[in-house]
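Descriptive analysis of the structure
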Amino acid sequence: MAAKETIISPSLLSCDFSRLADELKALEEAGLKWVHLDVMDGKFVPNITFGPPVIKSMRKECNLFFDCHLMIEQPERYIDEFADAGADLICIHAESTNHLERVVAAIAEKGVKPAIALNPATPLESIKYLIPQLYMVLIMSVNPGFGGQKYIPFCTQKVRDLKAMIKEQNADTLIQLDGGVTMDNCRELVEAGADVLVSGSAFFKYPPYAERHKLFLKTCAG
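Residues numbered from 1 in each chain as written. Predicted model: local features only at pLDDT ≥ 70, side-chain atom pairs only at ≥ 80, totals over all residues. Heavy atoms only, no water.

So the rule is basically this: UniProt positions are given in the numbering used here, feature names are shortened, and annotations may be inferred rather than shown by experiment.
In the nomenclature of an unreviewed UniProt entry, the chain is known as Ribulose-phosphate 3-epimerase of Maridesulfovibrio hydrothermalis AM13 = DSM 14728. The Function (unreviewed entry) comment attached to the chain in UniProt states, word for word, "Catalyzes the reversible epimerization of D-ribulose 5-phosphate to D-xylulose 5-phosphate." Heading Pathway (unreviewed entry) of the UniProt record for the chain holds this comment: "Carbohydrate degradation."

This is the structure we're talking about:
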């Protein structure tokens with residue numbers, strides 16, 4: 001059983017974009033605290049989604065914690081814009097920049113919580129020395145860029161290894177998991193050490209959101 005309540009961060013890519021403001025308000029009214037914003041540039045990943053102007057407009061519609069996941073090349077070019085748009089957390093990919101620590105520091109300097117995402121095959125060693133500076137590490141459990149993919153099984157052990165690394169450094173860094181998270185595997189992922197679970201279609205396709213949220217939390221807690 002988890003020591004603290006798991007955070008569910010629904011991936012907005014799976015919502016009804018024709019009713020974006022209503023969807024945000026519905027999440028908030030359902031008791032959700034976080035929402036996951038996937039930003040894709042068509043280069044780091046094949047798809048293109050949205051950027052700071054859309055996030056800025058969404059910020060006016062709710063008080064949700066904006067968990068902003070940048071799947072873009074050279075994210076250092078846009079840290080100011082995403083921070084000013086209202087991101088509460090900015091997560092950059094370790095694979096997307098040559099100067100990872102510099103970008104993490106730049107995020108923190110803007111008063112935004114810094115996080116790093118790792119693709120499935122990227123080793124944890126690449127961020128070992130940055131853990132004390134990070135609010136969160138995102139373990140991608142599918143290859144980024146597309147929704148609806150199946151969970152990659154070895155990522156569970158990767159979460160365990162990251163949890164041990166965080167404890168070894170006496171840090172309080174959160175672990176987020178994104179990709180193929182469902183009601184069938186969420187408890188196992190929390191038991192492995194995940195604190196925050198991103199869920200797209202497995203969340204939005206099962207309204208009402210309040211009931212789905214409660215079911216996720218109950219399942220995670222065992």
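So, the UniProt feature "active site" (unreviewed entry) in the chain
Operational definition: Segments assigned H or I by DSSP are reported as helices when at least four residues long, segments assigned E as strands when at least two residues long, and all are numbered from the N terminus. A 1.4 Å probe rolled over the protein chains alone gives each residue an accessible area, and that area as a share of the maximum for its type sets the label: buried under 20%, exposed over 50%, partly exposed in between. Two residues qualify as a contact provided that any one of their heavy atoms is within 4.5 Å of a heavy atom in the partner residue. N or O atoms within 3.5 Å of each other form a polar contact, as long as, within protein, one can give a hydrogen and the other can take it, and as long as residues adjacent in sequence are counted only when both atoms are side-chain atoms.
The positions UniProt marks with the feature "active site" (unreviewed entry) are Asp-38 and Asp-178. These annotated residues cover 141 residues of sequence, but their C-alpha atoms sit close together, with the largest distance between any two at 10.6 Å. Here Asp-38 shows up in strand β2 (residues 34-40). Asp-38 sits in the buried class, given a relative accessible area of 5%. Excluding anything up to four places from it in sequence, Asp-38 contacts Ser-11, Leu-13, Thr-49, Phe-50, His-69, Met-71 and Asp-178. Polar side-chain contacts of Asp-38 include one of 3.0 Å to the side chain of His-36. Along the chain, the position of Asp-178 falls in strand β7 (residues 174-178).

Quick word on the nonpolar core
This is how it is decided: Take the buried Ala, Val, Leu, Ile, Met, Phe, Trp, Tyr and Cys residues and link them wherever side-chain atoms come within 4.5 Å; each set so joined is a nonpolar core.
The biggest cluster of nonpolar side chains holds 65 residues, and the ones touching the most others in it are Leu-12, Ile-55, Ile-90, Ile-92, Ile-116, Ile-139 and Leu-197. If we skip the residues at most four places from it in the chain, Ile-55 touches Leu-37, Val-39, Phe-50, Phe-66, Cys-68, Phe-82 and Ala-85.

Focus: the UniProt feature "binding site: a divalent metal cation" (unreviewed entry) in the chain
Annotation from UniProt places "binding site: a divalent metal cation" (unreviewed entry) at His-36, Asp-38, His-69 and Asp-178. The greatest C-alpha distance among the residues just named is 10.6 Å, despite their covering 143 residues of sequence, which places them together in space. Along the chain, His-36 turns up in strand β2. Contacts of His-36, omitting those with residues within four sequence positions, involve Ser-9, Pro-10, Ser-11, Leu-12, Asp-67, His-69, Leu-138, Gln-176, Asp-178 and Val-198. In this fold, His-69 is placed in strand β3 (residues 65-71). For His-69, a relative accessible area of 0% puts it in the buried group. Those residues in contact with His-69 that lie beyond four places of it in its chain are His-36, Leu-37, Asp-38, Val-39, Cys-91, His-93, Ala-117, Leu-138, Met-140 and Asp-178. Engagement of the side chain of His-69 in a polar contact is seen with the side chain of His-36, the distance being 3.3 Å.

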